[in-house]
Amino acid sequence: MTNNETGSAIHPEHTGSGNTRSTASTASTASDTSVEDVQRLAVAWEKLHYEYEDFHDGAHDRLALDSAAKLGADPGGPLAYVWIFGLVLALPHLSWVPGDGVKEAALQALRAAEPVLSAQDCGHDSHPYDVHDDEEDEELAGWLVDLVDETQEWYEDRPREEWRCPRNAAGFARIALHVLDPGSVSDVPPRLPPEAHASIDTLSALLEGYPKTDVYDEIEEQARALRSVEDPDDRAGRIMVVRAVGWYAVSGMVRRKDILDELIEALEEALSHYPAEPCGHAWNAHPLLPHFAPEAARLGIELSYAGGRVRHERRRTQHGDDGAPLELLLCPAFIAGLGQESLTQLRTGRDLLFAPRDVAHLDAEYLAADGRLQIEKIAERVEYTSRNEQYADDLSLWAARRFEQAATARERAVLLLAAHQTLQIAYPEPARAVAEDVLRVLRTVATAPRPAQCAHDDDHPQLQYSGFRYAMAHFYAPEDFPAPERPEQARSEAAWTCPRFFGEVAEAAVRKLEVLVA
């Protein structure tokens, strides 16, 4: 890379090992790279680290190849750490979809540099790489400029000399080699592989309601991961992941029964590996796991990998984190209980969302002793408010079924509107079993013949205003409930029972329901 004419060239005469190097011997690398060059590279590497999944025109590959070439040209040089840090930042890309020969070039350069750097003398007792966490990779770009520019303040705990030490650079080279060629090196800090970080990222987005990938594909992938695991400790982490995903799956966001079937079958198979006997731990010894789904999934992914388990224990013992010991986290009896709890929740949720419902018991709640509607309770529960979400599915289904046998026009109008309004209240959407049954009834209303003209002069009732519940109660039982406070909101009986009004309401509901059950 050519020197920026206005920038100061880097002329490191000390490697950080205590040995002095000749400026002339390093001129080909050091004098050709300025602080401004490193600054620009750091920005590019940071972007590559975060945007490795984005479509690109080969710029990511060129950046990785340039780092590998610079390292290969002077594998033991004073700036070797710069190019190695660049390759560490490029690990997500190199592990994802690099171009032909890019990963191989990086491996070749790292393999050449590691023994050369490791062989250099060093007076340090330890180095930053020893305790480097994979979540700190993203910080390397910010540290680089301050490392090469002596005029900058240095705020990190470990001194510059340790960061720039050849043996620290060798340690980071081993980190990169460990990721790109697992098992090829030793003496690396525990870390999660790139695919684990990708899973954490996509699961967090999914469970927070902003999925980056296809929701059903991602849930199925977690079921497959649980089924394919062989190591018992890996399996424990995967059960934790399915536990977190299961909360989302039964929330109403999943509209396909086969997706819940996949999770249930995967859990059933996994639990067959666990004994029924209790453990020897005290009844209150097992940890309380996170109840925030993204955090629960993150913990599960971490414990699904040997490196993640070592990292968890190191954070707990060396850094005082509040995590539970692995002995308790991975206790077979604890995991079996956790899995059984998730399995029960998934089975119950599947039945609630997809199995036919019996709502005959609601007659006692929504019908008076004389067979008339309990209009006050029904009107209260069709009000668009979150407190009514708990009643929406069952009331919509009960009202739709009751509509088919209603004896009077007033009752038919109230039941149709109750079914329609509660469909809007159900969160996140009506259960599929409810949607299918209500759709069947409303289609008959939507397709029924209608007169060409309304038989009334006033407008149809307004469904979207705060006083609707009171207006509907007054319409059904005018002797018991007062007329709406605002005269313009009052409607005649003919307007409430108008066949054209019925058809319009049913059509709107049918359009929504057909999308949900498609």
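See the structure shown above.
We now turn to the structure provided with this report.

Calculation rules
Residues numbered from 1 in each chain as written. Predicted model: local features only at pLDDT ≥ 70, side-chain atom pairs only at ≥ 80, totals over all residues. Heavy atoms only, no water. Phe/Tyr/Trp six-rings, centres within 6.5 Å; stacked < 30°, edge-to-face > 60°. Helix = DSSP H or I, 4+ residues; strand = E, 2+ residues; numbered from the N terminus. Buried < 20%, exposed > 50% of the residue type's maximum accessible area, 1.4 Å probe, protein only. Lys NZ or Arg CZ within 6 Å of the ring centre and 35° of its normal. Core = buried A, V, L, I, M, F, W, Y, C linked by side-chain atoms within 4.5 Å. Contact = heavy atoms within 4.5 Å.

Notes on the packing of aromatic side chains
Across all of its chains, the model carries ten aromatic pairs by this definition. Ring geometry for Tyr81 against Phe85: centres 5.9 Å apart, planes inclined by 70°, an arrangement best described as edge-to-face. Taken together, the positions of Tyr81 and Phe85, both in helix 4 (residues 80-89) and four residues apart, correspond to about one turn of that helix. For the pair Tyr81 and Phe85, a shared accessibility class is recorded, and that class is buried. Feature note: the residues Tyr81, Phe85, Trp143, Trp163 and Phe172 constitute an aromatic cluster, connected by ring pairs. Against the face of Trp83 rests Lys70, its NZ or CZ located 6.0 Å from the ring centre.

Details of the nonpolar core
Counting 105 residues, the largest nonpolar core has Ile219, Leu329, Ile378, Trp398 and Met472 as its most contacted members. Aside from chain neighbours lying at most four places away, what touches Ile219 is Leu206, Val245, Tyr248, Val254, Ile259 and Leu263. One finds Leu79, Leu89, Trp143 and Val148 within the second-largest nonpolar core, a separate group that totals 49 residues.

Structural notes on unusual backbone geometry
The omega angle of the peptide bond from Tyr427 to Pro428 is -5°, so this bond is cis rather than trans. Relative to the elements of secondary structure, Pro428 occurs in the loop between helix 21 (409-425) and helix 22 (432-446). Residue Asp187 is not a glycine yet carries a positive backbone phi of 55°. Classification of Asp187 by relative accessible area gives partly exposed; the value is 45%.

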